[in-house]
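So you can see what is in the structure, the chains are spelled out below.
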Amino acid sequence: MPVPIKKQIESLREKLRYHSYQYYVLDDPDIPDAQYDRLYNQLVALEEKHPQLITPDSPTQRVGAKPLSAFDQIQHQLPMLSLDNVFDFDALLSFYQRLQDRLHTEDEIELTAEPKLDGLAISLRYEKGILIYAATRGDGSTGENVTQNVRTMRCVPLRLLGENYPDVLEVRGEIFMPKAGFEKLNRLAKQNDEKEFANPRNAAAGSLRQLDPAITAKRPLSLYCYSTGVVAGEKSAGKLATTHYEILQQLRGYGLPVCNEIKLVNSVEACLSYYEGILKRRDDLAYDIDGIVYKVNSIALQNSLGFVARAPRWAIAHKFPAQEEISKIIDVDFQVGRTGAITPVARLEPVFVGGVTVSNATLHNMDEIRRKDVRVGDQVIIRRAGDVIPEVVRVLPNSRTAPLTEIQILTNCPVCHSAVEKIEGEAVARCTGGLFCPAQRAQAIKHFASRKAMDIDGLGESKVEQLVEQGLINTAADLYQLKVETLTSLDRMGEKSAKNLINALEISKQPMLARFIYALGIREVGETTARNLAKEFKTLAAVQTASYEQLIDVQDVGPIVAKHLVNFLSQEHNQVVIKQLLAAGIKVQNVELDQHHQDNQQDCEFTGKTLVITGTLPTLSREQAKEKLLAVGAFVTGSVSAKTDYLLAGDKAGSKLAKATKLGVSIIDEVTMLKTLG
Ligand code: JCF
């Protein structure tokens, strides 16, 4: 006998509720999203055919209502409580002692501890398991009816699970927007030139107070329940437990989301260690919190403690240091980073925020300054979250009483006075004096000496740091003036290593053109681009004098890279350094010479093939082997795949060898390679 339609529909709804519960409440989805969607679509199809069977608690009926013109008021039958705050351990200790005094005990009192969410309080009323309304806290006695918006939240059950719940159950909780969802929402707003939300809390509030539920439905809102309001008509089966902790577990069992960080704590010291533990993880949590809530666990004790005004005597919020505070901008400076990135920095009236005193905050870049319209003299919100650099979030509205001048765009590097470039579409401005700028010196020289660049053996990053710090070199060209006596003054540099380094510098004096171009450290000019430039222009002089039009004709070089090249090469400071390098005896190997080699080896078996190199080769370094292969037109990549033609394996070849063997890639050694190359 076929299953009656009504039964089919009910069974689908039950499945969908169950899977939503797994996903939203237990955080443990048990079917793929696509499978959920299929079930959902089956239900939609059946309900379309049989509209008389649609009920308001069907999972398909979350976004049904039309936009409102205003929210109705809802009177809370039991007031929605707020919490008293403490800001330090002493005040927390006083709270705990007051509990002991009032309860006439010197024993420890069992408390619950939970993160205090930074969102909006909500009251959900269920009758016979069906969501009847959702109301905001408002003033605690009267809130707004936001039912049609809350219904769109997939984590809010429209019908409770099971049958074992009180007839009337009011649940109180906090609606919030997880950080990831907030960031995504703001990214979209920025893209569409719409106003961004200042923080997840404002975004949650704005989303919940939409008159059109279709908009709320698209906002990533979440809920954690933290207590109950009216509980009535309970049969013995639907009775709530006698401790706060167990009640929350019951709520979870009804299908309501409850934060899984909630713990039982048995002393004021345990409170503190919970507090410290969560504070440490604050930035890693998926949602913003502003402290910890402790509550007396026993409902009987809660009742005997009662409350004052709107705040219970049996609970307290232990607040974290604020992550946002107000300060005033005294000045704006520009800092040059080690890669030439120029960052505007606001000098502030010192302010205590995020647990430390802050007197500088980043303004990120010029675009952000314009977007936020930040000016010297403004009152601004400073944010310091965790270990992140403090930033200026926004100007305090209406705080500007006198007209203030706009912050000027920077045209020259504050450190070396080279021109500042800003590529269309990029946010950061950069100093173009890469080879010369003191702020970029160490970085530029490290890159110059690195393996894929000039490959100067024995000149690692720490040696470069020392040489630069002690003022022994200012540019890469100065490397070639170094003497053994100077080098031995460095840490951990004996006579032998000093001599070796001088020798390595000598050896590096005949770089291939591609290597030399790469070594200059021009933005976005990597190995491949450098090689293409060398192939195209053949001599350094030709590269140096190439026009923008000639440059964008080169393979792999687009308008941005071409612009970086022109900007770099036209800086007089950079030209001077290149001249000094040549004067120091560097002889760049032009491409004609390479070409000659290539012509002799044209028919090589590796031409056009893809190779991976792994392990220690007997005579060549991996870099040298790569260069030889590239010279015959082979491709050398970093990881083995089905597209790999050969694996060149040396000693101690590990996972790459295993993978190549598995994929049936031909494996060769250095001898074979050299023989094949001739
Ligand atoms: O997470 C919260 N913001 C939060 C607020 C948690 C709680 O357990 C609360 C609350 C407000 C009042 N409990 C009460 C009684």
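Up top is the structure these notes are about.
Below, the structure is looked at part by part. (Residues numbered from 1 in each chain as written. Predicted model: local features only at pLDDT ≥ 70, side-chain atom pairs only at ≥ 80, totals over all residues. Heavy atoms only, no water.)

1. Some details on the pairing of strand β7 (residues 168-176)
So, step 1. The buried fraction of β7 is high, at 9 of 9 residues.
So, step 2. The sheet contact formed by strand β4 (residues 120-127) and β7 spans 8 bridges and is antiparallel. Directly across from Y126, in β7, lies its bridge partner L169.
So, step 3. Where β7 lies against strand β8 (residues 222-232), 8 bridges are found, and the strand directions are antiparallel. Pairing of E174 across the sheet is with Y224, part of β8. (Buried < 20%, exposed > 50% of the residue type's maximum accessible area, 1.4 Å probe, protein only. Helix = DSSP H or I, 4+ residues; strand = E, 2+ residues; numbered from the N terminus. Pairing = 2+ DSSP bridges.)

2. What to know about the packing of helix α1 (residues 5-25) against helix α2 (residues 33-49)
How two helices pack is summed up by the angle between their axes together with the distance between the axes.
So, step 1. At a closest axis distance of 10 Å, the pairing of α1 and α2 adopts a crossing angle of 150 degrees. The angle between the axes of α1 and α2 places the two elements in the roughly antiparallel class. Handedness of the crossing formed by α1 with α2: left-handed. Taken together, the residues of α2 that come into contact with α1 (itself represented by Q8, I9, L12, R13, K15, L16, H19, S20 and Y23) are D33, Y36, L39, Y40, Q42, L43, L46 and E47.
So, step 2. In terms of residue class, the contact of α1 with α2 is built from 9 nonpolar, 4 polar and 4 charged. (Axes fitted to C-alpha atoms, helices over the stretch in contact; angles between N-to-C directions. Parallel < 35°, antiparallel > 145°, perpendicular 65-115°, else oblique. Left-handed = near helix turned anticlockwise from the far one by under 90°. Contact = heavy atoms within 4.5 Å. Nonpolar A, V, L, I, M, F, W, Y, C, P; charged D, E, K, R; others polar.)

3. A few points about the sheet that holds strand β22 (residues 635-637)
So, step 1. Read across the sheet, 4 strands follow the order β22-β21-β23-β24 without closing on themselves; strand pairing throughout is parallel. The open sheet has two edge strands, β22 and β24 (666-668), and neither has a second partner. The mean inter-strand angle of the sheet, taken between neighbouring strand axes irrespective of direction, is 30 degrees.
So, step 2. As judged from the 3 bridges shared by strand β21 (residues 610-614) and β22, these two strands associate in the parallel manner. What sits directly across from V612, in β22, is T637.
So, step 3. Strands β21, β23 (646-649) and β24 of the sheet are contacted by helix α25 (residues 655-663), whose axis makes an angle of about 145 degrees with β23.

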